[in-house]
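An overview of the molecular structure
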Amino acid sequence: MRALLVALALVLSACSAAPDGPTTITFWDNNGGPGRTPIYQELIKRFEAANPDIKVEYVGIPSSSVQQKYDTAIAGGSTPDVGGVTTSYLAHLVGQDALEPLDERVESGPLKGKLLPGLLETVRQTAMDGKLYAAPASGNLDVIWYRSDLFTEQKIAVPDTWDQLVDAAAKLTRPADNKYGFTIRGGAGSVFQLLAEAYSYSGVDKFYDGGKSTVADPRNAELVSKIAGIYKKSTPEADVNNSYTQMVAQFTGGTVAMMHHNLGSTADVMKALGAQKVSAMPLPKGPSGKRTVVPNPTDGFAVFKGGRNQDASWKFVEFLTSAESNGYWNEKVGQIPANTDVRGAEWIQKNPAVKMALGVLEDPATVLVPAPVYLPEYSSITKTDTEPLYQKVLLGQMSAQEFLDQLAGKLTTAQQEWEKRK
C-alpha cells in the first residue's frame, strides 16, 4: 500500500512539474479563400516559430458570410480569440459588446505611433465611444484605372479634374468600334462609388452637418448630373446594370479606357493588361480644388472579449500588424499597409498605384469624409433602397437632385435615430 502511495506521489509530482502545453488561440480570417489563405498560413508559421508557446488555429471564412458567422458565434458564446474585421460591420460587433478596446495596448507597445492616422481615425469613428476596437492593418482607396497607353497614343493629358475626365472620355469614345472612354457602375455596389465621386467633386468635407446629411448638397448633385450626362454617350449602354464583375470585364477586355474602382482590382487589371498599358490616378477634384476622399472600409484585427487568452491574442495581432508582417500581407494583396514603417519598402516603390494611394492618404491637405457605415441601416439604404433610383437617374427618369434628396432624407433619419440610441 505504501509503495502504491509513493508511486502515486511520484506520478503526481511528475505531472505538476511537466511544462504546460502551448496556449491555443483561434483566428478567423474574414476573407478566406485561395487568394489570401496561403498568406495567413505563412504568417502563422512565422508567428509560431517565434512564439513556440502559442499555437494559432486558422479558420478561413468567405467575406460574404463572415458577419453572420460572427453574430452566431456571439449569440452562442463561441467567438474566436482573434478575428479579421472591416469597419463596414465593426460597429455592429461593438454594439454587441463583443470586442476588447485596444487603445492602451497600442499606446503601450511597439505599435505606438506606427499606424497611419487616417486609418486609425476611420476605425475610431465607427464606435459610439470613439475607442479603437480593431488594429488597422490595411487600407484601400478609390482610384480611376486608365489605359495609359491610349492616353499616350492620342496625346490626352491625364485628368486632374472631373471636367477634364469628362472631356477625355469623349475623346476616347468611338461607338462604331465599341470603344468607350468610361464605364459607369450602375448596378450592385453603385451608390457607394457614386458617393465617393460626388464628394471628391463637391469638396464638401463632412457627411453630416448638425445631424443632417450633406448628400443632397447641390454640388454633389452637379457631379451626379455630369455622370448621368455621359451615360450612353461616352459609356456602354449596358452600364446601367453593371456590377463590379461586368465593369472590370469591360475594362480588362479593352472596351473602355477608364474605370472607377479601387486598389482591390489591381491583380485583375495588371494580369489582363500589364503595367505598360494601365495606371491608376486618384479620383479627380472639383471646382473647389480640394482633395476630399470618402475612405473605403478599413481592414483590421479585433480581439474578442469571449476569447480564452487575450494576452496571447494581442501578441498575435501585434505580430500581424508589425512592419514585416504588415508589409508582407499588403504586398501580396496590393493594398495600403497600415504600419508606417513599411512606407519605404522596395515593393511600394515598384507599385505605382499603392505609392500614389499612400501619398493621397498621407497628404495633410487631404480631407477624409467617412461614410456612416456604423449605421445599422446604411447598407439597406444605399443598396436596396437607392440603387434602383440611381438607375432611374441614368435613364433620365429622375433628376440627380431628387435622387439625392431621397437618399439624404433616409440617411438623416437613420443618423438621428442612432444619436438617440447613443
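Details of the structure are given in the entry above.
Just so we're clear, the structure is a prediction, and the values are computed from it rather than from any experiment.

**Details of empty space enclosed by the protein**
Over the atoms, a rolled probe matching the size of one water molecule traces out where space is still vacant. All chains considered together, the criterion is met by 4 cavities of 30 Å³ or more. Approximately 90 Å³ is the volume attributed to the largest cavity. Lining of the largest cavity is provided by Leu141, Asp142, Ala196, Ser200, Pro282, Leu283, Arg291, Thr292, Val293, Val294 and Val360. Broken down by secondary-structure element, the contributors of at least two residues to the lining of the largest cavity are α9 (190–202) and β10 (292–293). In the lining of the largest cavity, the residues fall into 7 nonpolar, 2 polar and 2 charged.

**What to know about the pairing of strand β3 (residues 82–86)**
Burial runs high along β3: 5 of the 5 residues are buried. Burial along β3 is two-sided: Val82, Gly84 and Thr86 and Gly83 and Val85, pointing in opposite directions, are all buried. Inspection of the sheet shows strand β1 (residues 23–29) paired to β3 by 2 bridges, in the parallel sense. The residue bridging Trp28 from the neighbouring strand is Gly83, located in β3.

**Structural notes on the pairing of β1**
With 5 of 7 residues buried, β1 is to be regarded as a mostly interior element. By the bridge criterion, 7 bridges tie β1 to strand β2 (residues 54–60) in an arrangement that is parallel. Paired with Phe27 across the bridge in β2 is Tyr58. Since β1 and β2 lie parallel, the crossover through helix α2 (residues 37–50) that links them has a hand, and here it is right-handed.

**Topic: the packing of aromatic side chains**
For the structure shown, the criterion picks out 17 aromatic pairs. Among the aromatic side chains, those forming a connected cluster through ring pairs are Phe27, Tyr40, Phe47, Tyr58, Phe301, Phe316, Phe319 and Trp329. Sitting over the face of the ring of Tyr328, Arg46 holds its NZ or CZ atom 4.3 Å from the ring centroid.

**Some remarks on the sheet that holds strand β4 (residues 135–139)**
Sheet architecture is open: 6 strands sit in the order β2-β1-β3-β11-β4-β12, paired in mixed fashion. Bordering the open sheet on either side are β2 and β12 (336–337), each of which pairs with just one other strand. Examined bridge by bridge, β3 and strand β11 (residues 299–303) share 5 bridges and lie antiparallel to one another. Paired with Gly84 across the two strands is Phe301, which belongs to β11. Contacting β1, β2, β3, β4 and β11, helix α13 (residues 310–320) runs over the sheet at an angle of about 165° to β11.

**Let's talk about the packing of helix α17 (residues 378–385) against helix α18 (residues 387–394)**
Across the interface, α17 lies against α18 with an axial gap of 4 Å and an inter-helix angle of 40°. Classed by the angle they form, the pair α17 and α18 counts as oblique. Contacts between α17 and α18 involve Thr382, Lys383, Thr384 and Asp385 from the former and Glu387, Pro388 and Leu389 from the latter. Of the residues contributing to the contact of α17 with α18, the split by class is 2 nonpolar, 2 polar and 3 charged.

**Points about the packing of helix α3 (residues 66–76) against helix α4 (residues 87–95)**
At their nearest, the axes of α3 and α4 sit 11 Å apart, and the two run at 10° to each other. Between α3 and α4, the interaxial angle falls into the category roughly parallel. Residue-level inspection shows Val66, Gln67, Tyr70, Asp71 and Ile74 of α3 in contact with α4, the latter providing Tyr89, His92 and Leu93. Per-class residue counts for the contact of α3 with α4 are 5 nonpolar, 2 polar and 1 charged.

**Details of the pattern of salt bridges**
Summed over the entire model, instances satisfying the criterion amount to 15 salt bridges. One salt bridge in this structure joins Glu324 and Arg46, with 4.0 Å as the shortest N-O distance. A residue pair is termed long-range when its members are at least 10 positions apart, and Glu324 in helix α14 (residues 323–333) and Arg46 in helix α2 qualify at 278 residues. On the accessibility criterion, Glu324 (60% relative accessible area) is exposed. For Asp149, the salt bridge goes to Arg147, with nearest N and O atoms at 2.8 Å. With a relative accessible area of 14%, Asp149 lands in the buried category. By sharing partners, the salt bridges in this structure join Glu42, Arg46 and Glu324 into a single network.

Procedures and definitions
Residues numbered from 1 in each chain as written. Predicted model: local features only at pLDDT ≥ 70, side-chain atom pairs only at ≥ 80, totals over all residues. Heavy atoms only, no water. 1 Å grid on protein atoms, 1.4 Å probe; cavity = no way out; pocket = protein on both sides within 12 Å on 5 of 7 lines; lining within 4 Å. Points joined across faces, edges and corners; volume = space filled by probe spheres on them. Helix = DSSP H or I, 4+ residues; strand = E, 2+ residues; numbered from the N terminus. Nonpolar A, V, L, I, M, F, W, Y, C, P; charged D, E, K, R; others polar. Buried < 20%, exposed > 50% of the residue type's maximum accessible area, 1.4 Å probe, protein only. Pairing = 2+ DSSP bridges. Right-handed = clockwise from strand over helix to strand, strands pointing away. Phe/Tyr/Trp six-rings, centres within 6.5 Å; stacked < 30°, edge-to-face > 60°. Lys NZ or Arg CZ within 6 Å of the ring centre and 35° of its normal. Contact = heavy atoms within 4.5 Å. Axes fitted to C-alpha atoms, helices over the stretch in contact; angles between N-to-C directions. Parallel < 35°, antiparallel > 145°, perpendicular 65-115°, else oblique. Salt bridge = Lys/Arg side-chain N within 4 Å of Asp/Glu carboxyl O.

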